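Residue-level structure breakdown
Listed below are the residues making up each chain.
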Amino acid sequence: MIPAQHPYKAIYTQEVDGRVAFSSKPVIAWDDEGRALVVDERSGRLVPANNGRTFTGLSEGEHPVVAAIPGGGWGARYKNEDDTFTVDPLVAWTVRSDGTLTPFDTDDTGVCADPNAMGNFDGLVAPGAETRTAQQSSSA
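Because the structure is predicted, anything quoted here is derived from the model rather than measured. Sequence order sets the numbering: in each chain, residues are counted from 1 along the sequence as written. pLDDT decides what is reported in this predicted model: residues at 70 or higher carry local features, side-chain atom pairs at 80 or more are listed and counted, and totals for whole chains, interfaces and linings draw on all residues regardless. In computing side-chain values, all of the structure's heavy atoms are included and hydrogens and water are not.

1. Things to note about the sheet that holds strand β3 (residues 19-26)
- Pairing between strands is defined by DSSP: at least two bridges between the two strands are required. Starting at the N terminus, helices and strands are each numbered in turn, a helix being any DSSP run of H or I of at least four residues and a strand any DSSP run of E of at least two. With respect to topology, three strands assemble into an open sheet ordered β3-β2-β7, the strand pairing being antiparallel. Two strands lie at the open edges of the sheet, namely β3 and β7 (55-60), each paired on one side alone. Ignoring strand direction, the axes of neighbouring strands in this sheet form an average angle of 35 degrees.
- Sheet topology note: the strand β2 (residues 8-16)/β7 ladder contains five bridges and is antiparallel. For helices, the fitted line uses only the C-alpha atoms of the stretch in contact; every axis is such a line through C-alpha atoms, and the angle between N-to-C directions lies from 0 to 180 degrees.

In structure tokens, the structure reads:
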């Protein structure tokens, strides 16, 4: 058995209310024949991912989040419909096992999300950058 060092996930389908729904499980290891192994929760053992009829294949997965650190004064800038901008403070950065950082901000209902997923996301703003920009504009 070879431990999975790069994240892959096994993809499964099932029918729910007449629709096809997808689910996935992380690949934990590879057996000596190169088959992906996933956890079988019922037996508490590793089993080949393709053990069931609903297995559709493997897909590259994401590295797991291993830490979260405060936003540190960074902000997410969004473009409004009237061509003005709004800057929301980041609440945190998530850190994945490969070292990738992902910014997170929150909306007015408390839902946290990656600002990159928003259609009107315009970029990240470094701590103090808004103040510097305002000062430069007023001194010109």
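2. Thoughts on the confidence of the model for the protein chain
- As a per-residue measure, pLDDT reflects the predictor's confidence and takes values from 0 up to 100. Overall, the predicted model of the protein chain reaches an average pLDDT of 88, with 92% of residues at or above 70.
- Confidence, read as mean pLDDT per element, is least for helix α1 (residues 129-139) in the protein chain (50) and greatest for strand β4 (residues 29-30) (96).
- Low pLDDT, under 50, characterises residues 132-140; the predicted model gives this stretch one contact beyond four residues in sequence or across chains. By definition, residues are in contact when any of their heavy atoms lie within 4.5 Å.

3. Focus on a nonpolar patch on the surface
- To count toward a patch, a residue needs a relative accessible area above 30% and no salt bridge. Like charges then connect within 9 Å, nonpolar side chains (Val, Leu, Ile, Met, Phe, Trp, Tyr) within 5 Å. Note on areas: Shrake-Rupley, 1.4 Å probe, and residue coverage restricted to the protein chains presented here. Whenever a carboxyl oxygen of Asp or Glu lies within 4 Å of a side-chain nitrogen of Lys or Arg, that contact is scored as a salt bridge. Taken together, the side chains of Met 1, Ile 28, Val 39 and Leu 46 make up a nonpolar region of the molecular surface, amounting to roughly 330 Å² of accessible area.
- Turning to its location among the elements, Met 1 is positioned in the segment before β1 (2-3).
- Burial classes: relative accessible area under 20% of the type maximum marks a residue as buried, over 50% as exposed, and values in between as partly exposed (1.4 Å probe, protein chains only). Here Met 1 falls in the exposed class, since its relative accessible area comes to 61%.

4. Things to note about the nonpolar core
- Each nonpolar core is a collection of buried residues, namely Ala, Val, Leu, Ile, Met, Phe, Trp, Tyr and Cys, held together in the definition by side-chain atoms within 4.5 Å. Judged by nonpolar contacts, Ala 10, Tyr 12, Val 27, Ala 36, Val 38, Val 47 and Ala 49 together constitute the single largest core of seven residues.
- Where this core is concerned, the elements lending two or more residues are β2 and β5 (36-40).
- Once residues within four sequence positions are removed from consideration, Tyr 12 is found in contact with Ala 21, Phe 22, Ser 23, Ser 24, Lys 25, Val 38, Ala 49, Thr 54, Phe 55 and Thr 56.

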